[in-house]
Structure formats: C-alpha cells, structure tokens
Amino acid sequence: MTSLTEEEENDISRFTEVYKNTRNLLDIVGGWILSGPDDDLDDVTFRTLWQQTDPVVKEAHHYLYKNYTKDGKCMPVTPTSKHGLICQIRNKSSYVHLYNYGDDKKKNCLDFWNHKGLVKRYDLSGKDVHGPIYTDPEFSSLSVSQDGKNVVYVAEKKVVKSVSFFAENPKPGDKQGGVYDYTESWGEQLEKCCESVICVLNLDSGEVKILETPSDIFCAKPSWCGNETLFFIGFDLKCSKHGAIYCWNKPGKLCSYKTATNSVAFHTPEGKSVYMPSPNHESGEVAFLMCESGGPHRKYMDVCIFDGKENFKIVENSLFYGKFSPSPWIDGRNLLLVSFTGTKSVLIKMNTESGFKENLWDGRFGTASLDVLDQVGSRCLLFVSDLNPVLSENTKQGIFSADLSNESSIKEFWKSSLCDSPDVNCKYTIESFSREERAYNGILIRPGEGCSDLKTLIVFPHGGPHSMYTTAFRHDTYTLAQLGYSTLLVNYTGSLGLGQESIDMLPGNVGDIDVKDVHHAAMQIAPGFQHVVVMGGSHGGFLSAHLIGQYPDFYKAAAIRNPVIDMSNMVGVSDIPDWCYCEAGVDYSVYRPPTPNVAGIAAMLDKSPIRYIDQVKCPVLMLIGAKDLRVPPSQGLRYVRYLRSRGVPCSLRVYPEDCHPLSSVPVSADSLAHVHLWFKKHLNLS
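How each quantity is defined
Residues numbered from 1 in each chain as written. Predicted model: local features only at pLDDT ≥ 70, side-chain atom pairs only at ≥ 80, totals over all residues. Heavy atoms only, no water. Helix = DSSP H or I, 4+ residues; strand = E, 2+ residues; numbered from the N terminus. Buried < 20%, exposed > 50% of the residue type's maximum accessible area, 1.4 Å probe, protein only. Contact = heavy atoms within 4.5 Å. Areas by Shrake-Rupley, 256 points an atom, 1.4 Å probe, with all protein chains shown as cover. Lys, Arg positive; Asp, Glu negative; His and termini not counted. Charge placed at Lys NZ, Arg CZ, Asp CG, Glu CD. Pairing = 2+ DSSP bridges. Core = buried A, V, L, I, M, F, W, Y, C linked by side-chain atoms within 4.5 Å. Arc of directions from axis to C-beta. Polar contact = N/O pair within 3.5 Å; in protein donor to acceptor, adjacent residues only side chain to side chain. 1 Å grid on protein atoms, 1.4 Å probe; cavity = no way out; pocket = protein on both sides within 12 Å on 5 of 7 lines; lining within 4 Å. Points joined across faces, edges and corners; volume = space filled by probe spheres on them. Nonpolar A, V, L, I, M, F, W, Y, C, P; charged D, E, K, R; others polar. Axes fitted to C-alpha atoms, helices over the stretch in contact; angles between N-to-C directions. Patch = residues over 30% accessible without salt bridge, like charges linked within 9 Å, V, L, I, M, F, W, Y side chains within 5 Å. Salt bridge = Lys/Arg side-chain N within 4 Å of Asp/Glu carboxyl O. Disulfide = S-S within 2.5 Å.

**A word on the overall build of the protein chain**
Part 1 of the reasoning: The helix and strand tally for the protein chain stands at 11 helices and 38 strands.
Part 2 of the reasoning: Counting only C-alpha atoms, the protein chain reaches 70 × 70 × 50 Å along its principal axes.
Part 3 of the reasoning: Per-residue burial over the protein chain gives 56% buried out of 686 residues.
Part 4 of the reasoning: When contacts within the protein chain are restricted to residue pairs at least 6 apart in sequence, those whose partners lie at least 24 apart make up 60%.
Part 5 of the reasoning: Put simply, the protein chain shows about 29100 Å² of open surface, and 49% of that area lies on carbon and sulfur atoms.
Part 6 of the reasoning: Side chains of the protein chain give 69 positive and 81 negative charges; the mean places of these two sets differ by 3 Å.

**Concerning the pairing of strand E10 (residues 150-156)**
Part 1 of the reasoning: In terms of burial, E10 is largely enclosed, as seven of its seven residues are buried.
Part 2 of the reasoning: What you see with E10 is no split at all: Asn-150, Val-152, Val-154 and Glu-156 on one side and Val-151, Tyr-153 and Ala-155 on the other are buried throughout.
Part 3 of the reasoning: Relative to E10, strand E9 (residues 142-144) runs antiparallel, the two being bridged by three bridges. Each bridged residue has a counterpart across the sheet, and for Ser-143 the counterpart in E10 is Val-152.
Part 4 of the reasoning: The turn linking E9 back onto E10 is made up of five residues, and Gly-148 within it adopts a positive phi angle of 75°.

**Considering the nonpolar core**
Part 1 of the reasoning: Judged by nonpolar contacts, the single largest core of 55 residues is most densely connected at Ile-548 and Tyr-639.
Part 2 of the reasoning: Examining the composition of this core, we find that six residues originate from one element, helix H5 (residues 513-525), more than from any other.
Part 3 of the reasoning: Once residues within four sequence positions are removed from consideration, Ile-548 is found in contact with Val-534, Tyr-555, Ala-558, Ile-560, Gln-615, Val-616, Cys-618, Val-620 and Tyr-639.
Part 4 of the reasoning: Residues Phe-460, Leu-621, Trp-678 and Phe-679 belong to the second largest nonpolar core, which totals 37 residues.

**Concerning helix H9 (residues 598-606)**
Part 1 of the reasoning: The set of residues buried in H9 consists of Gly-600, Ala-603 and Met-604. Projected onto a plane normal to the axis of H9, the buried residues spread over an arc of 95° and lie on a single side. Those residues of H9 that are exposed and angled more than 90 degrees off the buried face are Val-598 and Ala-599.
Part 2 of the reasoning: Looking at the buried side of H9, the elements it contacts are helix H7 (567-570) and helix H8 (577-584).
Part 3 of the reasoning: The backbone nitrogen of Ala-599 lies 3.2 Å from a side-chain oxygen of the residue at the head of H9, namely Asn-597.

**Comments concerning the layout of surface pockets**
Part 1 of the reasoning: As a volume, the second largest pocket reaches approximately 720 Å³.
Part 2 of the reasoning: Along its surface, the second largest pocket is lined by 22 residues, and Glu-156, Lys-157, Lys-158, Val-159 and Val-160 are the ones closest to its centre.
Part 3 of the reasoning: Of the residues assigned to the lining of the second largest pocket, the class counts are six nonpolar, seven polar and nine charged.

**Details of the sheet that holds strand E14 (residues 208-210)**
Part 1 of the reasoning: Strand order across the open sheet formed by four strands is E9-E10-E13-E14, with antiparallel pairing between neighbours. Looking at strand neighbours, the two that pair on one side only are E9 and E14, the edges of this open sheet. Pairwise comparison of adjacent strand axes, ignoring direction, gives a mean angle of 25° for this sheet.

**Quick word on empty space enclosed by the protein**
Part 1 of the reasoning: This model, assessed by the stated rule, comprises four cavities of 30 Å³ or more.
Part 2 of the reasoning: Of the pockets and cavities examined, the largest cavity occupies roughly 80 Å³.
Part 3 of the reasoning: Contributions of two or more residues to the lining of the largest cavity are made by strand E25 (344-351) and strand E26 (357-360).
Part 4 of the reasoning: The element best represented in the lining of the largest cavity is E25, accounting for three residues.
Part 5 of the reasoning: The residue makeup of the lining of the largest cavity, split by class, is seven nonpolar, three polar and three charged.

**A look at a negative patch on the surface**
Part 1 of the reasoning: A grouping of Glu-6, Glu-7, Glu-8 and Glu-9 is seen on the molecular surface, where their side chains present a negatively charged patch.
Part 2 of the reasoning: Of note, Glu-6 is situated in helix H1 (residues 6-23).

**A look at the sheet that holds strand E22 (residues 312-314)**
Part 1 of the reasoning: Taken together, the four strands give an open sheet; going across it, the order is E19-E20-E21-E22, and neighbouring strands pair in antiparallel fashion. Both edges of this open sheet fall to strand E19 (272-279) and E22, since each of them pairs with a single strand only. Here the strands of the sheet are splayed against their neighbours by 25° on average, with no regard to which way each runs.
Part 2 of the reasoning: Summarising the sheet, strand E20 (residues 286-292) and strand E21 (residues 302-306) pair through five bridges and their orientation is antiparallel. Counted as the bridge partner of Leu-289 is Val-303 from E21.

**Digging into the state of the cysteines**
In protein structure, a disulfide is the covalent linkage between the sulfur atoms of two cysteines.
Part 1 of the reasoning: The full count for this structure, using the stated rule, is zero disulfides.
Part 2 of the reasoning: Free cysteine: Cys-304, not disulfide-bonded; nearest cysteine sulfur from Cys-291 at 9.7 Å.
Part 3 of the reasoning: No disulfide involves Cys-451; its sulfur sits 8.0 Å from that of Cys-426, the nearest cysteine.

Listed below in structure tokens is the structure:
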C-alpha cells in the first residue's frame, strides 16, 4: 500500500475533526410525559432518552437520559448502557424497561421502576419459557394492562434442542436428526425472527404465560385494551416470509385474544395489510392502519376503527402516509397522526366520525419536521427537528409540550442549537420541480457562511423507491456541508410525500421516470457549480448507476452503496423477490409466486442499470455490506468487475459485518470518509 501524500493526510485530518464534531450532536430516541393527563400544562415534566455515537470506540452507541423540570430546566444527564423497550404505567407513576443483555444479547430482562428507583428485576431468561425477546421496530411491543398488573411483549419461541441421529443418550424432548433443519426468517436485519410468541408477565407473581395462538399466523405488536383483551397483528404464514423491514405490504389481520376464554378472533378480511393497532382503554375501540397487501412496499393507508365487538369501518377520506402517535387517542373521537407530506412531517388531528383532518400548528415551525415522543390524552410531547442544527430566527427546533384541545396552548420546554458553533452551520432551500406535468420536489443543502465551498454538487436520490426525504436533521448531509459540499436530496416520482397517484406511476417505469426526474432536478440546480457528482444507496444506488450510464458526460464521479444493478439476477437471491416483480411491472402473488419466464426476466433486465455498463466513464466508489440480505453483495461486486474490465477507475470497499444500510458507527464513519476522499481525488478539489 502506497503512503499517503501530505494533501491526503490533511484531508483525512480535516474529515475526522468535522465528523467527530458532528457525531457529538445528540439524536433523540424517545420521551415520556411524567405527569398525568389532568395536570396543568405548566406543571408537566418529562424525561427524554438520547443517543450519542463515538466513531473512536467500538461500543459506539452511548445512551443518556435528560430530565426536565416544569420550568423547562434540564437536569444533569444520566448515562445508561441499556436500550430496549420502555412503557410507562400511568396510574402508578412508574414504568417497565424490557431489554436484551450479555455479550451475545441472548439474555432477557425486565425492570420495574418508580420514582424511588428500581423496584424489581425479572430475569426472563431464567424462566426458560421463550427465546430472545423482540426489540425490533417491525414486530416488537411492550404494553401494560389498564390495572398495571400485566405486561405483554413478543419473543422468539423456545427452540427444541436438536441432536444427531447418532447422539448418545439424547434427553427426553430432544429432536433427533433436526440439527440441520432450516427455519425461515423475515430477512434483512430480522434473521433471528422466525417464530414468535406473545408473552404475558404478571408483575405480582413474576409468572410468564405464553399465549396459544393459531399456527398459521405470525403474531406481532400486541397491545392491551383494558385488562382482559389483547389486540395484535397476525401475519399470514400461508405465504412466504419475505423481508419485512421497510416493507408495509405483508398480508395480515387485526386479531384479538381474550384472556378469560383463551380465544383468538380475526377482525379484518383476507388480502389486506394491517399495521399499528392502537386500542382505546376507555371505549374498547381500536384504531389501525390498513391497505391492500402486495404491490409497492410502502404506500398510503386508510385509518380504520374496530368497534371492539364485531365491526370495523374505514374512516372517510382518511387515506394518508404516516403513523399514529405513541398513544393516538386524544379523546373518544379524535386521533393524533404524524403525516409525511411534501418535504416534512406534520401533525394531523383526525376526527374518526367525519374524517375531518386538522393540520396542527401549520406554519408555526416553518420548514422543520415534527414528531410525537409521547401522548397522554390531549397532552403531547413534541420533538421538532431541522436540517440546520444551528438555531436562528427561521429555525425552530427542540422539545415542546402541547395541549391538543387548545391549539394556542403550546409550551417550549427546550429550544437550542444542537451545535455549539453557530458559525459552523448549513443552509437549505426547498426546491420545486416539474417534468411532463408531474410535480416533485427536493432539498438543496449548502455550506454555511463559516464553511469553505468546494463548488461541488452531490446529487443524492433516496432509496426505496417509495420513501422520501424530509427536513429532519441528518448527520451525513451536515458533515458534507461542513466539508464544503452542497447536496441535492431529490423526492422523485414515486416518493411517499407526493401522494398515492405518484406511487402508482412508478412500478413498471423504474429506470426511466425516476432517473429522468433526478437528472432534470440536477440540471436545474447545476448552474453555479463547477462539479456535479452522484451518491446513493439501494434504489438510490440503482438510480446512481443509471445516471452515470445514461448521462456519462454530466456526472464526474459516483459513490454507490449496496446498489440494485440487475433485477433479473437479484430476484432469485434477495429477501424481497416481490420487489423486483412489482417495480419491473410484472404480476406477482405472495401466495403463489409466478413461474420464471422469459418475458418477466426480460422486463427486469430492461429496467436495470447493467444495460448501460458500456457507457459509464466516471470513477466509481462501491460500498458493500457483506451481510446484506436485501440487495445481495453480488450485485455491486459484479458491477465493479464489469467496470474494471472496461477501464473505468473503481474502488471497492466491503464491510464484512454490516448489512444493507451500512449504519453501524465505525462503518458509517469509514464509508463517508472514503466518499469525501474519492470526490476530492477525482475532482482535484482543494
């Protein structure tokens, strides 16, 4: 390996300084209202959980609590090494904390806390009734019954020990010959989620009961409604377990479990996808989101209400993309939703009888994005986030407490710059684009006045393709701005914030409409910049490879992460083969996948960037996660092999322990450093 030049050493030194400063900024993990629903807004206090990352230390995630008094003062932070699921028990002013621990994270524990400290610790592993608990965002939950006596959570079913046919003295219950049995999982980042069980822990006795549920469903997201009924999602196991993370299109039903009769009932029809069941303890009703199963992996969903008995209804005009707040029932008729629209997330108050939607505090926070950390009736705890972490007249960010029954009643608990250096900032504008009478948008982030400007535009399309960019703070674009780059985040046709009609336009047209949208946006912004480069991952990598192949003289360098390069090759090895069929415009059924045929494979190949391999000219940096189950590493490896054989300069970095997002702290730091060095080298930036 050749030694670094003085300029390269200076570049690395500058990057590490900027990156460490950026990573010192805290990320919010959660928040809890500590006072009751009837307290005056001025008396409300709360607790927040934050994450801080450290690229120097292997154990790179640090968690800490901040407690706030009713006058808005922040008490000294309290470090904690554990993170998992936390649920507050409102009527006891206490909470439960469920987490995995140990070197292999296979041991499970639940802590019961109140204002005096730790009351009791339950060693769930020692009870030996189930496998590891679930803490993932797709299937896990933690809910306490209305009387505060029982806690429900999800865990992996206890695995029967398998031994060889030739094992000496097998124990009763051992499964002989089952050592090499294959158990299907839910794919990328959910490899350990194979067969779930719903578990109920009695806080008085410490007994854990495993609920008996039908074998043809996978149970997820259980939540108490009162003291004797649980509502949960039952994913249909009559079809294959395609990858679940980032994919809200799996067939499933709203289910209930009655503890008095140990009976399970189903409340929604076949062919639907159900998410986020949210019971109302007082009325017995359940709000949930529902859409047609299959098709695009993310789409707009209807808000539905189950009456707690036999019937459910779709709330009129309720179609939206977003999520419920943590406890969405404001009262018996209104729900609080977080809706993603345009380039930001907003709060919506929805009437479940009329479907009327009210955009709360519209315009009060400018272009910033809002989220709900906690809600108790009409009291809610908000977090406001902005791409520019430095506070200004136009930037409002921080934590706010609000009374949803009175829009003017909102209290600012904490508002400050996330960054201590006001001169080291960035600035951004919301950009509007139109092509072929289709409107779409983007966000242009530029270096602030205190930063150098490399006059280089990084075009950065998002993955998905059915996802979106918002104005919430991002570490990567902020770091790039400190280094002197401008970044264009493009929400092309098919992005979530543009409506269901836009989503429906893209399947069958990927590699065409989305590519042209991104390039058109780049063309509009490029004047004034000396260099234009492209960067993206997953479907964003798919678009990046298309752009440098279809417009080889426009983009001067590329940095691509885990890209889709050849859909016809990926379909047989990805954890989401249905994605390849759907986005290529080929019919697909999760219950009976189609027999491979020439027409279907040809359609996938026709829309793939591998078609344009002979036209690529610019240098390409390829970043691969060796454990990626979503887009197999062979996609990027094959692309680099082909480019090198055609004389295109390439650099390949493979991260053996990382997967699709390349999000572990050491890997995200290393990959962004190499992106910076790659662009500096091939653009001769100074």
